[in-house]
Number of protein chains: 2
Amino acid sequence: MLGTGTVGRTLAGKLVELGHEVRMGSRQAGNEVALEWVQSAGERASEGTFADAAEHGELVVNATAGAASLEALGAAGADNLAGKVLIDVSNALDFSGGPPPVVGVSIDDSLGERIQAAFPDARVVKALNTLNASLMVAPDSLEESTNVFICGDDAGAKAQVTELLETFGWLSGDIVDLGDISAARGAELYVALWVLLMGALGTPQFNIRVVRGS
Amino acid sequence: MLGTGTVGRTLAGKLVELGHEVRMGSRQAGNEVALEWVQSAGERASEGTFADAAEHGELVVNATAGAASLEALGAAGADNLAGKVLIDVSNALDFSGGPPPVVGVSIDDSLGERIQAAFPDARVVKALNTLNASLMVAPDSLEESTNVFICGDDAGAKAQVTELLETFGWLSGDIVDLGDISAARGAELYVALWVLLMGALGTPQFNIRVVRGS
């Protein structure tokens, strides 16, 4: 697990709960938040540098802030990512102009694509960036089933991520494969609407459900 | 009604059905598609130039292609738009790189904002750009109720558009006010996800429903 923020801690906690051994990585080993998480999460939890975490994982999750993701993954090390499924949960959110943030990297690019291009041997799957951390691991806390989106160039990696998402409580029919990694644009740009919906609803505890015609 | 495409014809048809007098505008009076529409729609339908249509309407709808909207509205004439509610349904879709199109004008701007800035005396409300034309005027054709989004700087204009949408079949509780016209970014950038969902589902006959936590 790369990143010690709310998303990283929430996903790491769920993974430990599911029986996985999780190493949380940050810039420096001994990060206070990471140490606190290890203490609360128990014996299957450990922490270290980004490289420690990436080396440890069979599967790596990028839960760092979008603006820091490429640097964090560089510190994790291309060798430690090669051949592995890399779930990219990141979002580019620029709050410099005040809320709401400017969302995304551009209309014709995405963090998912940039990460796949920078680490061609990693098997990048964009997933879970379209909803609040607590809902990522507890989709059944909403009144109705909703959708989550995945995309990536590697079909096997997407199948693995689908299985993992099912262990989080997502129904396989609600996990929508949007296509190759360029589809990360759609998943990332949607967050511009998500931010406004959060403001309109007054809560981040919501998600969308795709309703089809009969 | 500015524009003779599927969106323009569908909205114009519904408005005539609801008893409104509708003038469809295009670059030149006598446009073949517009004439055909007038013939099929009956006595409350007429056609003319963009300026004819804008002058005629108490309320103006921009249903032109996003890339052509500012020019079309310029032809419609700032004087003919001044003080009027202008519903902007447009999307910027760039197919030059092949499908899927690049969506939006940029991550920190939108057609809605550009139109409001270019025509400061018009009361621009972004609406209905997030779904297929046939669903805009028949939301009950989906299996469940779904959401539509409005935004704009003028509260009175948004209230008028909300009433109009209700006559199309939208439930008032399903019409989400995203805020001022800068929220058009969220509504327009969402279309990047919509295009991918259309590909994944194999149909444009779908919409999203926002599901809240209990």
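Residues numbered from 1 in each chain as written. Chains lettered and ligands numbered in written order. Predicted model: local features only at pLDDT ≥ 70, side-chain atom pairs only at ≥ 80, totals over all residues. Heavy atoms only, no water.

Overview of the interface of chain B and chain A
Of the residues lining the interface, 38 residues belong to chain B; the matching set on chain A comes to 38 residues. Of the roughly 3200 Å² buried at the junction of chain B and chain A (both faces included), carbon and sulfur atoms supply 72%. Among the residues chain B hides against chain A, the three largest losses belong to Ile107(B), Leu193(B) and Val211(B). Together they make up 20% of the total. Our count for the contact surface shared by chain B and chain A stands at 2 salt bridges. (Contact = heavy atoms within 4.5 Å. Buried area = accessible area lost by both parts, 1.4 Å probe. Salt bridge = Lys/Arg side-chain N within 4 Å of Asp/Glu carboxyl O.)

Some details on the confidence of the model for chain A
Summary statistics for chain A give a mean pLDDT of 97 and a share of 100% for residues scoring 70 or more. On the interface metric, ipTM, the complex scores 0.97, and its pTM is 0.97. (pLDDT = per-residue confidence, 0-100.)

Overview of the side chain of Ser26(A)
Residue and element names in this part refer to chain A. Inspection of the secondary structure puts Ser-26 in strand S1 (residues 22-26). For Ser-26, a relative accessible area of 5% translates into the label buried. Setting aside chain neighbours within four positions, we find Ser-26 in contact with Thr-4, Asn-31, Gly-48, Thr-49 and Phe-50. (Helix = DSSP H or I, 4+ residues; strand = E, 2+ residues; numbered from the N terminus. Buried < 20%, exposed > 50% of the residue type's maximum accessible area, 1.4 Å probe, protein only.)

Re the relation of the copies chain B and chain A
Take chain B, turn it by 180°, move it 0.0 Å along the axis, and it overlays chain A with an RMSD of 0.0 Å. In symmetry terms, the pair is related by a two-fold rotation axis. Comparing interface residues between copies, 100% of those in chain B also lie at the interface in chain A; the contact surface is shared. (Least-squares fit on C-alpha atoms with pLDDT ≥ 70 in both.)

A look at helix H1 (residues 6-17) of chain B
Residues and elements named next belong to chain B. End to end, H1 covers 16 Å across 12 residues, agreeing with the expected 16 Å (1.5 Å per residue, within 8%). Listed as buried for H1 are Gly-8, Leu-11, Ala-12, Lys-14, Leu-15 and Val-16. Where the residues of H1 are buried, they touch strand S1 (22-26), helix H2 (32-41), strand S2 (45-49), strand S3 (59-62), helix H7 (133-136) and helix H8 (155-168). (Expected span 1.5 Å × (residues − 1).)

Let's talk about the side chain of Ser46(A)
Residue and element names in this part refer to chain A. Note that Ser-46 resides in strand S2 (residues 45-49). Polar contacts involving the side chain of Ser-46 include one to the side chain of Arg-23, which spans 2.9 Å. Beyond its immediate sequence surroundings of up to four residues, Ser-46 is in contact with Val-22, Arg-23, Met-24, Trp-37 and Val-38. (Polar contact = N/O pair within 3.5 Å; in protein donor to acceptor, adjacent residues only side chain to side chain.)

Considerations on the pairing of strand S7 (residues 123-127) of chain B
Residue and element names in this part refer to chain B. With 4 of its 5 residues buried, S7 lies for the most part within the structure. When strand S4 (residues 85-88) meets S7, the two strands line up parallel, connected through 4 bridges. Paired with Leu-86 across the two strands is Val-124, which belongs to S7. As defined by bridge partners, S7 adjoins strand S8 (residues 148-152) across 3 bridges and the pair is classed as antiparallel. Residue pairing in the sheet places Ala-127 in a bridge with Ile-150 of S8. (Pairing = 2+ DSSP bridges.)

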